[in-house]
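What the coordinates show
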Amino acid sequence: MLTTTMTGNAYDVALENFDTAADAMSLDNDVREMIKYPERILTVTVPVRMDDGHIHRFEGYRVQHSMVRGPAKGGIRFHPQVTLDEVKALATWMTWKCAVVNIPFGGAKGGITCDPKHMSQDELQRMTRRYTSAILPLIGPERDIPAPDVYTNSQTMAWIMDTYSMTKGYPIPGVVTGKPISLGGSLGRNEATGRGVFYTIQSACEHLHMQLAGATVVVQGFGNAGSITAQLLHEAGAKVIAVSDSTGCVYNKNGLDIPELIHMKALVGHVEGFPESEPITPSQLLALKCDILVPAALENTVHAENAAMLGAKIVAEAANGPLTPAADRILESKGVFVIPDILCNAGGVTVSYFEWVQDEQHLFWEAQDVYNRLERVMKTSFRDVLKIHQERKVPMRIAANILGIGRVAEAVQLRSIYP
Ligand code: NAD
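A brief look at the structure comes next.

Cut-offs and rules
- Residues numbered from 1 in each chain as written.
- Predicted model: local features only at pLDDT ≥ 70, side-chain atom pairs only at ≥ 80, totals over all residues.
- Heavy atoms only, no water.
- Salt bridge = Lys/Arg side-chain N within 4 Å of Asp/Glu carboxyl O.
- Helix = DSSP H or I, 4+ residues; strand = E, 2+ residues; numbered from the N terminus.
- Buried < 20%, exposed > 50% of the residue type's maximum accessible area, 1.4 Å probe, protein only.
- Pairing = 2+ DSSP bridges.
- Axes fitted to C-alpha atoms, helices over the stretch in contact; angles between N-to-C directions.
- Contact = heavy atoms within 4.5 Å.
- Expected span 1.5 Å × (residues − 1).
- Arc of directions from axis to C-beta.
- Core = buried A, V, L, I, M, F, W, Y, C linked by side-chain atoms within 4.5 Å.
- Domains from an automatic or database assignment.

**So, the pattern of salt bridges**
In the structure shown here, the tally under the stated rule is 23 salt bridges. Close ionic contact of Asp291 with Lys313 constitutes a salt bridge, the shortest N to O distance being 2.9 Å. Taken together, the residues span a long stretch of sequence, with Asp291 in strand E10 (residues 290-295) and Lys313 in strand E11 (residues 312-316) at a distance of 22 residues. Classification of Lys313 as partly exposed rests on a relative accessible area of 48%. The shortest N-O distance in the salt bridge between Arg397 and Glu317 comes to 2.9 Å. Residue Arg397 is located in helix H14 (residues 396-415), and its partner Glu317 is located in the loop between E11 and helix H10 (325-334); the two are separated by 80 residues in the primary sequence.

**With respect to the sheet that holds E10**
What the seven strands build is an open sheet, ordered E9-E8-E7-E6-E10-E11-E12; its pairing is mixed. What marks the edges here is a single partner per strand, and that holds for strand E9 (278-280) and strand E12 (337-339). Averaged over all pairs of adjacent strands, the angle between strand axes in this sheet comes to 20 degrees, irrespective of strand direction. Sheet analysis places strand E8 (residues 248-251) next to E9, joined by three bridges and oriented antiparallel. Directly across from Val250, in E9, lies its bridge partner Pro279. Together, strand E6 (216-220), strand E7 (239-245) and E10 form the strand contacts of helix H7 (residues 224-235), whose direction differs from that of E6 by roughly 170 degrees.

**What about the sheet that holds strand E4 (residues 106-113)?**
If you trace the five strands from one edge of the open sheet to the other, you get E1-E2-E4-E3-E5, paired in mixed fashion. Single-partner strands in this sheet number two, and they are strand E1 (40-49) and strand E5 (144-148). Taking the axes of each pair of neighbouring strands and ignoring which way they run, one obtains an average angle of 20 degrees across the sheet. Where strand E3 (residues 72-79) lies against E5, five bridges are found, and the strand directions are parallel. Along E5, the bridge assignment pairs Ile76 with Pro148.

**A few points about helix H12 (residues 347-361)**
For an α-helix, 3.6 residues make a turn, and residues three or four places apart therefore share a direction. If you check H12, its first and last C-alpha atoms are 21 Å apart, about what 15 residues at 1.5 Å a residue would give, namely 21 Å. Counted residue by residue, H12 has 12 buried out of 15 residues, so it is predominantly covered. Its buried side turned inward, H12 meets E3, helix H3 (84-100), E5, helix H6 (192-208) and helix H13 (367-392). His362 occupies a position one or two residues after H12 and carries a positive phi of about 55 degrees.

**A closer look at helix H4 (residues 121-135)**
Helix length check: H4 (15 residues) gives 21 Å between terminal C-alpha atoms against 21 Å at 1.5 Å per residue, within 8%. Among the residues of H4, those classed as buried are Glu123, Leu124, Met127, Thr128, Tyr131, Thr132 and Ile135. All buried residues of H4 project into a common sector of 165 degrees when viewed along the axis, lining one side. Along its buried surface, H4 packs onto E1, strand E2 (55-66), E3, E4 and helix H5 (154-168).

**Focus: the nonpolar core**
Grouped together as the largest cluster of nonpolar side chains are 90 residues, with contacts concentrated most on Ile35, Ile201, Val243, Val294 and Ile339. Examining the composition of this core, we find that 11 residues originate from one element, H14, more than from any other. When residues of this core are assigned to domains, at least three map to each of domain 1 (37-183) and domain 2 (192-344). Not counting the four nearest positions on each side in its chain, Ile201 is found in contact with Leu212, Thr229, Leu233, Ile292, Val294, Ala316 and Ile339.

Shown next as structure tokens:
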């Protein structure tokens, strides 16, 4: 079991990051009060008949942080460590993220505290459907649109879409994104987060005059976001020297064969034991000297106690909230260039937006069209954030927050207060 120490509360981090940016932009106090906190929070009981016949009660959440700029948007996480505070933090970040890439959505997030690795497909299906029916009053293509997150996938989205559609009496594919292609999913959605991370890394290398070909890379977390980022970096000629998942870390100083590693992970479910690699500990992984570190697992994996030992020049936050504010300060003093989560991993929600647009229009795009539009959005957003970083002389995270929070603040001031 991989044990990167987790410290702190993600929601405290989200609030602290908000305040830092709001102070830096001298945001009006009334506006702060209106946009800082979640608009709606729902906690639900999810009773599920398990395969052995007994009933297990799970707790689930759906948090809508903001609907100022459009319907709420955000993934659903199934994980033993899900808490309401974690979901509130993730929902908050979704609001600023959608605004950074300038798509017409607000922020939301959902989750169930459960251990999906120890549940059967039938149990997962029953839990997903019961949870969907519990949050049904909140969701819908015009109100709140879930998507996959940690330990949920296109199959989970298919169950949600079906439950919602059966209740309404007609098919409504636009209620979720990240669906299978045959149910109205978008080409390129599955790899969108990793592809977006890759585009922002390309932009960062260009900005820092670094060559991506030959650059050394370490990836923490080898699921959807991490493995696809690793694959694209590998294809671009970078050398991925270490990778971890929840069970272990593997290292090869000459570079790991990423396509083979992805193949093995799909077959056996973990990266441990990969041929031509040696096992290392999570702390050793973070301390490896490399050009680019991609945290792609969970929140708070880089914190006050381990940030100083980081060996990377660029940190590309594929995960949400992997760095605590204390870690940010340490990395800033070391001159590490951080591509903040609300910019770096925004490719997922951007292609989710493309999927929702296609569902609404009943007209579907070619994969290359999706990639081209995604590249444009990610590289424009990177430039927008970089400009604020350079002009205001603030770290990239504060710059991204200034951009996102500023756009939400403008929208709320235009809408004014109801009643
Ligand atoms: P996933 O379930 O596909 O993969 C998660 C991976 O993290 C797995 O390989 C798991 O083994 C690994 N992991 C879990 N705990 C770990 C630990 N302590 N150390 C190292 N590895 C660990 O999830 P995902 O969708 O890839 O999400 C990963 C991160 O990316 C999350 O922070 C998520 O919010 C963020 N993200 C995902 C998307 C998306 O579209 N999937 C979009 C934006 C952000």
